[in-house]
Amino acid sequence: MSIKLKVKSVQKVASKSRKSRGARVSNEQMMGNRSGSHCCNQRDGAVEGIQEAGADLSDLFCQLRSPVAAAKLVRAIRCRNRKVIEELIGSNCNVVCFFHQGRMACVRISCVFGNCCDVRITFDICVSMGNCNNF
């Protein structure tokens, strides 16, 4: 089964997220020769949500190249500081929970993207255990 996408236009759209700026692709789904198919010629919010997620998460992880920002995140995970983590990860994302996995301190983060929250991405960040106040 394959889906063919036809790109109709590319337009620059300002996003509601903190740093997200990028091209949006309007898509048209070509679903074969189904007669009376109502899914053709409709925009897929999940596609736009994935594009927004890519831009925002890329910005987030590029920000963590800074030693200061990375150290701040590591300390916040070890100290279970929800407020600091949510300041770093932006308004589309929130801390779900903290947990331990073996010798690792972890945080689970959930992010929603798209105009109607069509995309939800959840991921864990785990760091080695250490003293909460060692920075």
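Provided above is the structure to which this section pertains.
About the criteria used
What you see as residue numbers is a count from 1 along each chain, following the sequence as written. With the structure being a predicted model, the display of local features is reserved for residues of pLDDT at least 70 and the display and counting of side-chain atom pairs for 80 or more, all residues being used for whole-chain, interface and lining totals. Where side-chain values are given, they derive from all heavy atoms of the structure, hydrogens and water being excluded. Helix numbering and strand numbering both begin at the N terminus, where a helix is a DSSP run of H or I of at least 4 residues and a strand a DSSP run of E of at least 2. Each residue is placed in one exposure class: buried if its accessible area under a 1.4 Å probe, protein chains only, is under 20% of its type's maximum, exposed if it is over 50%, and partly exposed if it falls in between. We call two residues contacting when some pair of their heavy atoms lies within 4.5 Å. The method behind every accessible area is Shrake-Rupley, applied with a 1.4 Å probe, and residues are considered shielded solely by the protein chains displayed. To count as a disulfide, a pair of cysteine sulfur atoms needs to be within 2.5 Å. Working definition: the arc comes from the directions between the helix axis and the C-beta atoms, pointing outward to the latter.

**Student:** Now, about the overall build of the protein: what can you tell me, with residues and values included?
**Tutor:** Helix and strand content of the protein: three helices and five strands. Split into buried and exposed, the 135 residues of the protein put 32% on the buried side. Summarising the internal contacts of the protein: among those between residues at least 6 apart in sequence, 42% fall at separations of at least 24. A total of about 8,700 Å² of accessible surface is found on the protein, and carbon and sulfur atoms cover 52% of it.

**Student:** So what's going on with the state of the cysteines? Which residues, and what values?
**Tutor:** Scanning the model with the defined rule gives three disulfides in all. Through a disulfide, Cys 79 is tied to Cys 132; the S-S separation comes to 1.6 Å. Measuring handedness by torsion sign, the sulfur bridge of Cys 79 and Cys 132 sits at about 125 degrees and is right-handed. Placement of Cys 79 in the loop between α2 (67-78) and α3 (82-89) and of Cys 132 in the segment after β5 (119-128) is noted, with a sequence separation of 53 residues between them. Residue Cys 132 is classed as partly exposed on the basis of its relative accessible area, which comes to 24%. Shown here is the disulfide that connects Cys 93 with Cys 111, its sulfur atoms set 2.0 Å apart. Because the torsion about its S-S bond is 110 degrees, the bridge between Cys 93 and Cys 111 counts as right-handed. Placement of the pair is Cys 93 in strand β3 (residues 93-101) and Cys 111 in strand β4 (residues 104-113), with a sequence separation of 18 residues. Grouping residues by exposure puts Cys 93 and Cys 111 together as buried.

**Student:** Help me get a handle on α3, residues and values and all.
**Tutor:** All buried positions along α3 are accounted for by Val 84, Ile 85, Leu 88 and Ile 89. Seen along its axis, α3 keeps its buried residues to an arc of 125 degrees; they face one direction. Facing away from the buried surface of α3 by more than 90 degrees, the exposed residues are Lys 83 and Glu 87. Where α3 is buried, its residues touch α1 (45-63), α2, β3 and β4.

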